[in-house]
Amino acid sequence: MTVQDRPAFADRRRELIVELLRVHGTMALRDLADRLRVSEVTVRRDVRILEAQGVLDRRRGGASLPGHRGPRRDDDAPSPELAAIARTAATLVAEGDAIVLGPGEAVAALAAELVHRTGLTVVTNSLRAARILAEAPGVEVVVTGGTLRGAELALVGGAAEQALEGLRVRRAFVSGHGVTAERGVSTANAAVAGVDRALADCAEEVIVLADHTRIGVDAVVQTVAPEYIGHLVTDSNADPEVLLTLEDMGTTVHVAVPETDRGH
């Protein structure tokens, strides 16, 4: 047994893996190995153990926090669940509304549903949402400043938060890495969380978009407490116990049925 394989060293190494994933959301095994100064074989073994403990998810060539998805290309179609969530969320946007959109796949899918609206003002820190709405003739798009976080294609930091100060809109549409009845919405990155809070604070009502893979998942940084979630839009595969508990706390839950599940 080498020094780095002794239980105390192994436990600390696995703690560091989790800490790195909390910062970055998802990482390649080779990058983890470089940061920890161990072999990729050692990291792969650690990741398997942590996955068995339910601490992280293994992905091809890497690992991520539970419920975290890697960045999606703009030309990729959303999953059936996200498409259904976006269609349902779009019914909560009225003509002439002023809204804010946060980062995330579900919110980007909502942006695609809004391109033919008129008289709509959208404030966003999501470059993906801004790009989708850039050529929508009836939508005025306001993009915050800030530092680009590549994993989410989102602008974060003090400049982004300051750009939202003093704004007042009707609804904020936000996502996250997890939603629970105990802590509400949470995410894996503190910088993203700061702007998500600012997005929620400038709205009269907060609407959370999260597919079933994120329901019941608790990430490291809380962004929206459960009592401030006005609406939750999710899909029909979400954990019903979590949904019922949120409803009991005052959240209006919308369950969107994907096209692939209709008729079953």
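Our structure is the block above this text.
Residues numbered from 1 in each chain as written. Predicted model: local features only at pLDDT ≥ 70, side-chain atom pairs only at ≥ 80, totals over all residues. Heavy atoms only, no water.

(A) Region of the structure containing the sheet that holds strand β12 (residues 203–209). Pairing in this open sheet of seven strands is parallel, and the strands run β6-β5-β4-β9-β12-β14-β15 from one edge to the other. Two strands bound the open sheet, and with one partner strand each, they are β6 (139–143) and β15 (252–256). Averaged over all adjacent pairs, the angle separating strand axes in this sheet is 20 degrees, with direction ignored. Inspection of the sheet shows strand β9 (residues 169–174) paired to β12 by five bridges, in the parallel sense. Bridge pairing in β12 places A172 opposite V206. Here helix α8 (residues 190–201) sits on the sheet in contact with β4 (98–101), β9 and β12, set at roughly 130 degrees to β12. (Pairing = 2+ DSSP bridges. Helix = DSSP H or I, 4+ residues; strand = E, 2+ residues; numbered from the N terminus. Axes fitted to C-alpha atoms, helices over the stretch in contact; angles between N-to-C directions. Contact = heavy atoms within 4.5 Å.)

(B) Quick look at the pattern of salt bridges. Overall, the coordinates contain 12 salt bridges when judged by the stated rule. With its nearest N and O atoms 3.4 Å apart, the salt bridge here joins R44 to E40. A residue pair is termed a helical-turn pair when its members lie 3 or 4 positions apart in one helix, as R44 and E40 do in helix α3 (residues 40–52) at four residues. Looking at R44, the relative accessible area reads 31%, which means it is partly exposed. On the basis of relative accessibility, which here comes to 35%, the residue E40 falls in the partly exposed class. (Salt bridge = Lys/Arg side-chain N within 4 Å of Asp/Glu carboxyl O. Buried < 20%, exposed > 50% of the residue type's maximum accessible area, 1.4 Å probe, protein only.)

(C) Region of interest: helix α9 (residues 240–248). Listed as buried for α9 are V242, L243 and L246. Projected onto a plane normal to the axis of α9, the buried residues spread over an arc of 100 degrees and lie on a single side. Across α9 from its buried face, at more than 90 degrees, point the exposed residues P240, E241 and D248. Between the side-chain oxygen at the start of α9 and the backbone nitrogen of E241 there is a gap of 2.9 Å, and the oxygen is on D239. (Arc of directions from axis to C-beta. Polar contact = N/O pair within 3.5 Å; in protein donor to acceptor, adjacent residues only side chain to side chain.)

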